[in-house]
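# Residue-level structural notes
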Amino acid sequence: MRINRHLMEKTRESMASVLPITAIVFLLSITIAPLDPGTLVLFLFGAILLVGGMGLFTLGVDMSMIPMGEGVGSTLSKSRHLIIPLTVYFLLGVLTTMAEPDLQVLSKQVPAINSTVLVVTVAVGVGLFLVAATMRIRRGVPLRRMLLVLYFAVFALAAAAPGNFIPVSFDSGGVTTGPITVPFIMSLGLGIASTRSDKNSASDSFGLISLCSIGPILCVLLLGIIYKPQEAASHLSVIPSIPTTAQAAQYFIQSFPTYLREVAMALLPVAGLFLVFQLLTRRFKRGQLIRIVTGLLYTYLGLVLFLCGVNVGFMPAGQLIGATIAGGIKWLLVPIGMLIGYYIVKAEPAVSVLTKQVEEISNGSISQRAMGLAMSIGVCVSVGLAMVRVLTGLNIFWLLIPGYAISLGLTFLVPSIFTGIAFDSGGVASGPMTATFLLPFAQGACHALGGNMMTDAFGIVAMVAMTPLVTIQVMGLSSIIHHKLARRRLRSRMELVEDMVLYFD
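Attention here is on the structure that accompanies the text. A quick note: this is a predicted structure, and the numbers were derived from the prediction, not measured.

A few words now on unusual backbone geometry. Trans is the common state for peptide bonds, and a negative phi is the common state for residues other than glycine. Even without being glycine, R282 reaches a positive phi, approximately 55°. Inspection of the secondary structure assignment puts R282 in the loop between α11 (245–281) and α12 (286–327). A relative accessible area of 58% places R282 in the exposed class.

So, in C-alpha cells, the structure goes:
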C-alpha cells in the first residue's frame, strides 16, 4: 500500500512536470508550427509514456539507486588500500556512461567520428574524473580550486581543436550526466562524504557531477585534435510517416524492444558491480535487498517508458517545429525557444533527484521550488542564446567564455555548497529531454535557415549545462545578502530597544 501511495504521488509530480511542455507544443502545432497528424499523435503518445515513466523512475531511484550509491561510497571510502575503491569508481564511471541513453543519442548524430570511438572516449573521461572527484572529497580539496584549473585547461585545449568540433565536445560533457549516472554518482558522493566528520563534508558531497562533466569535454577535444574532422557535417533524422493512430501505437510497440535492451545494458553494469559489492561486504540485510531489487525493477520500467516516449514521440516534433518556425518568422525562435526551455527542464528525470537531495542535505534552507525556479530561468536563457546562435552563426566561444568566467567568479562570493550544487545542476539540466527535443529543435531550425549544423545547432546542450551555474549561484548570493540585511535590521531594532530602556530608566 505504501509503495502504491508513493507511486501515485510520483506520477502526479511527473504529470505536473510534463503537462506544461505538452501544452506548449500542442498550441504551437495548431497555430504557427502545424504538425502532420501522425507526428502530433506520436508526440501525445510520447507525453503519456513520459508521465508514467518519470513516476516509476523517481520512485525506483528512491528505493534502489540512492541507497546503493550511499552504501558503496561509505563502505569503499573506509578501505585502507586506495587501489580497490579507485578501480571500482573508474569502472562505474566507464560502464554506466557507455550505456547512457543521452550519449547514444548524441553519438548517432555526429558523423565526424565513429560512434563507438566517441562513446568510449567520453566514458573513459567520466571514469577518470569520477576517480578524481572522489579523491577530492576524501582529501577535502576545495571544489573551486579544481574547477578553476580544469576549465582553464578546457579552454586552452579548445583553442587548438577544430572549430566545427568544439560545440560537440562541450555537448558531450552535458549528455554524460543523464538519468542512469546522476542518481548513483550523487548518492556515491553522499556516502563518501558521510565518513568525514568535519563541517565541510555536506558541501563537499556535491561536485561529482560537475567534475564528471569536464572529463568528457577534455577527452573529446583531444579526440577532435587527433582526428581533425574538418569536413564533417551533421544530418537530420528521418521522420516516420504515420497516417493512423493505430499505426502510431504499433510504431511505439515496435520500438519498445530497442529500449528494453538499451536500458538493460545501462543498468546491468551498476547492478552487477553492486552484486559483487554485496557478496563481498554483506552490507545490506535481506529486507533492504528486496527493496533495492524492487526499486531497480521500477527504475528499469520507468526508463524504458520515458526513453521510448522522448525518442519516438518528442524528437520528430522538436525537429519539425524548429524547421517550421525558422521557415516563417525566424526571430520567433528566440522567445519560443526560451518558453520551451523554461518548462522542459522540469521534465528532466534527474532534476527531481538533485533538487530533492539538495533540500534534504540543506535541511530545507534550499528548497526544491527555489532550485527548480533557478534552473528553469537558467535553461530559459540558455535556449534563447542558443537560438540566437542558430540565427546569426555566432561563435560559441563568445557565450561560453563569458558564461564560465562569470560562474567561476561567483565561486569566490558564495558558500561552497552553492558552488557544488550549481555546477552539478548544469550537468543534470542537460539530460534526455535536451538531447531528444531541444537538439532536434535547433537542428531543424538550422537546416531550414541553411546554416552549419556542426557549428550552429550543436552546442545547445553545452548552453543548457552552463547557465544554471550562474543562476543558482546568484540565488545563493541573494540569499547571503538577504540574511545580512535581516541581521542588520534586527541589530538596529535591538539597539533601538536598548536606547528606549535606557531612556525610561
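Having seen the model, we can carry on.
Applying the stated criterion to the full structure yields two cavities of 30 Å³ or more. If you add up the space inside the largest cavity, you get close to 110 Å³. Along the walls of the largest cavity sit 14 residues, with Y151, S213, Y404, G427 and A465 positioned nearest its centre. For the lining of the largest cavity, the secondary structure elements donating two or more residues are α7 (166–175), α10 (208–227), α17 (416–429) and α20 (460–504). Grouping the constituent residues of the lining of the largest cavity by class yields eight nonpolar, six polar and no charged. In terms of lining, the second largest cavity is formed by M186, L190, S205, F206, L208, I209, Q357, I361 and D424. Elements supplying a minimum of two residues to the lining of the second largest cavity: α8 (181–194), α10 and α14 (349–361). Along the lines of polarity and charge, the residues of the lining of the second largest cavity split into six nonpolar, two polar and one charged.

Attention now moves to helix α6 (residues 143–158). With 16 residues, α6 ought to run about 22 Å at 1.5 Å a step, and its terminal C-alpha atoms sit 22 Å apart, in line with that. Within the span of α6, buried status applies to L143, M146, L147, L150, Y151, V154, F155 and A158. Axial view of α6: buried residues confined to an arc of 150°, hence all on one face. Facing away from the buried surface of α6 by more than 90 degrees, the exposed residues are R145, V149 and F152. Contacts from the buried residues of α6 go to α5 (115–139), α7, α10, α16 (397–410) and α17.

Reading the values: the criteria
Residues numbered from 1 in each chain as written. Predicted model: local features only at pLDDT ≥ 70, side-chain atom pairs only at ≥ 80, totals over all residues. Heavy atoms only, no water. Helix = DSSP H or I, 4+ residues; strand = E, 2+ residues; numbered from the N terminus. Buried < 20%, exposed > 50% of the residue type's maximum accessible area, 1.4 Å probe, protein only. 1 Å grid on protein atoms, 1.4 Å probe; cavity = no way out; pocket = protein on both sides within 12 Å on 5 of 7 lines; lining within 4 Å. Points joined across faces, edges and corners; volume = space filled by probe spheres on them. Nonpolar A, V, L, I, M, F, W, Y, C, P; charged D, E, K, R; others polar. Expected span 1.5 Å × (residues − 1). Arc of directions from axis to C-beta. Contact = heavy atoms within 4.5 Å.

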